[in-house]
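# Commentary on secondary and tertiary structure
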Amino acid sequence: MNETATVNNHQDEIENTSTGLSNKKLMMWLFLASDVMFFGAFISTYLIYRGKSLNGPYPSEILDIPITTVSTFVLLMSSLAMVLALHYLKENQKNKATLWILGVVILGAIFMGFQVYEFTHFAHLGLTPRTNIFGTTFFILTGLHGGHVTIGIIWMIFLAYGSHKGTLRSDNAIDLEIAGLYWHFVDIVWIIIFTVIYLISANDTPPPGAELLIH
Amino acid sequence: MKKLLKKLFYHDGNGWWNLPKNMSLKPNPPYEGPIGGPWLLRLINFITYGGKSHAGPRFYIIVGVFLAIITALEVWAFELESQLAILYIPILLILALIKFIAVVAFYMHLRFDNRFFSYVFASGMVVGTVVFSLLLFISESAYMIR
């Protein structure tokens with residue numbers, strides 16, 4: 001790596017702003033801090049209503065841990081692809097950067113494919129957002145996460161195009177970096193969802209007397 | 001009015017997204033490795049791209065493998081749920097926390113970046129955790145009373 005590239009690596013850190021920090025990056029961190037509250041609201045809503053569905057299907061009958069484990073792995077690897085894309089862009093290696101951004105797009109699309117499959121499968125098994133309180137909280141939380149992933153994929157497609165065309169370069173790598181922050185945030189939200197909804201709740205059975213109450 | 005808007009939303013009048021370019025090409029800030037201590041110098045050189053950059057592909061791949069291993073451990077814990085009994089949920093939460101920290105610190109570069117970004121994100125996390133923990137506590141208490 002030559003000296004110019006090394007300097008470019010840190011351009012975003014020596015911004016000529018009132019704070020000395022990149023305004024774009026600061027804005028993204030503020031957004032992510034607020035998004036914590038957004039997802040926190042839906043995760044806590046899920047937890048409040050956990051195990052209180054009066055009719056099935058219940059999580060123990062429907063959640064498929066092996067499939068979700070694979071989709072979790074795919075999303076984690078997309079984060080790896082994202083950070084590698086940023087590294088190569090800062091290194092002025094345009095082709096490698098473009099390829100890794102496309103890697104993020106593909107892995108994100110695979111993750112969404114898993115989610116579409118899961119939603120469709122659950123609907124066939126009789127679980128929709130209207131079926132019970134588990135269905136409502138589950139679909140809203142995972143659906144909103146899926147929405148975030150979809151926005152991230154669209155953003156990455158634009159960035160991949162920019163990198164390919166040469167408009168996204170090492171001197172404006174901050175644009176990819178803030179997209180990367182968003183993408184990694186979506187990943188850490190899924191880390192929590194996977195643990196709380198899938199692993200912890202997967203064996204949730206109906207509350208005592210639930211079926212009697214409904215009749 | 002135009003001047004006021006400019007002062008509020010524009011930095012040096014360059015527009016929303018066309019923020020000023022870096023004016024000074026200062027040399028690298030002091031080297032920051034992901035792990036402290038001179039005794040780890042060789043390891044640091046390996047994982048941080050020779051100490052020239054924050055971290056290199058090898059380090060990111062190591063973090064990726066680490067994340068995959070933790071995920072496998074989570075699923076293993078899931079298979080052993082009945083044996084783990086009351087330890088099951090704490091173990092899963094600790095494993096999730098380790099993954100969370102690894103992604104935030106290394107992939108989101110908070111470990112290397114200006115501390116102000118860490119404070120911004122941590123403030124959201126702390127407020128969120130406190131508010132929603134209280135909400136869960138109150139909700140569960142009300143359910144138990146009923």
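Residues numbered from 1 in each chain as written. Chains lettered and ligands numbered in written order. Predicted model: local features only at pLDDT ≥ 70, side-chain atom pairs only at ≥ 80, totals over all residues. Heavy atoms only, no water.

### Thoughts on the overall build of chain A
Summing up its helical and strand segments, chain A has eight helices and zero strands in all. The helix and strand sequence of chain A, counted from the amino end, reads α-α-α-α-α-α-α-α. Looking at chain A as a whole, 58% of its 215 residues are labelled buried. Here the contacts in chain A between residues at least 6 apart in sequence split such that 83% fall between residues at least 24 apart. (Helix = DSSP H or I, 4+ residues; strand = E, 2+ residues; numbered from the N terminus. Buried < 20%, exposed > 50% of the residue type's maximum accessible area, 1.4 Å probe, protein only. Contact = heavy atoms within 4.5 Å.)

### Here's the deal with the packing of aromatic side chains
What characterises a pair of aromatic rings is the spacing of the ring centres plus the angle enclosed by the ring planes. Residue and element names in this part refer to chain A. The tally for this structure, following the rule as stated, stands at 21 aromatic pairs over all chains. Each ring, one from Phe-38 and one from Phe-39, has its centre 5.4 Å from the other, and the planes form 85 degrees; the classification is edge-to-face. Aromatic pair Phe-194 and Tyr-198: ring centres 6.4 Å apart, planes at 35 degrees, arrangement tilted. Of this pair, Phe-194 and Tyr-198 both sit in helix α7 (residues 174-200), separated by four residues, roughly a single helical turn. (Phe/Tyr/Trp six-rings, centres within 6.5 Å; stacked < 30°, edge-to-face > 60°.)

### Section: the pattern of salt bridges
All names here are of chain A. Tallied over the entire structure, the rule returns five salt bridges over all chains. One salt bridge connects Asp-175 with Lys-24, and the closest N-O pair in it is separated by 2.7 Å. Of this pair, Asp-175 sits in helix α7 while Lys-24 sits in helix α2 (residues 23-48); the two residues are 151 residues apart in sequence, bridging distant segments of the chain. One salt bridge in this structure joins Lys-25 and Glu-177, with 3.1 Å as the shortest N-O distance. One end of the pair, Lys-25, is in helix α2; the other, Glu-177, is in helix α7, with 152 residues separating them in the sequence. One network of salt bridges, with partners in common, ties together Lys-25, Lys-90 and Glu-177. (Salt bridge = Lys/Arg side-chain N within 4 Å of Asp/Glu carboxyl O.)

### Quick word on the packing of α2(A) against helix α6 (residues 115-145) of chain B
Relative orientation of the contacting elements α2(A) and α6(B) amounts to 15 degrees, with a least axis distance of 9 Å. As judged from the angle between their axes, α2(A) and α6(B) are roughly parallel. Both α2(A) and α6(B) take part in a crossing whose hand is right-handed. When grouped by side-chain class, the residues that make up the contact of α2(A) with α6(B) number 19 nonpolar, five polar and one charged. (Axes fitted to C-alpha atoms, helices over the stretch in contact; angles between N-to-C directions. Parallel < 35°, antiparallel > 145°, perpendicular 65-115°, else oblique. Left-handed = near helix turned anticlockwise from the far one by under 90°. Nonpolar A, V, L, I, M, F, W, Y, C, P; charged D, E, K, R; others polar.)

### Here's the deal with the confidence of the model for chain A
The predicted coordinates of low-pLDDT regions are not to be read in fine detail. Averaged over every residue, the pLDDT of chain A is 88; the share at 70 or more is 89%. Mean pLDDT in chain A bottoms out at helix α1 (residues 3-9) of chain A, which sits at 42, and peaks at helix α5 (residues 94-124) of chain A, which reaches 96. (pLDDT = per-residue confidence, 0-100.)

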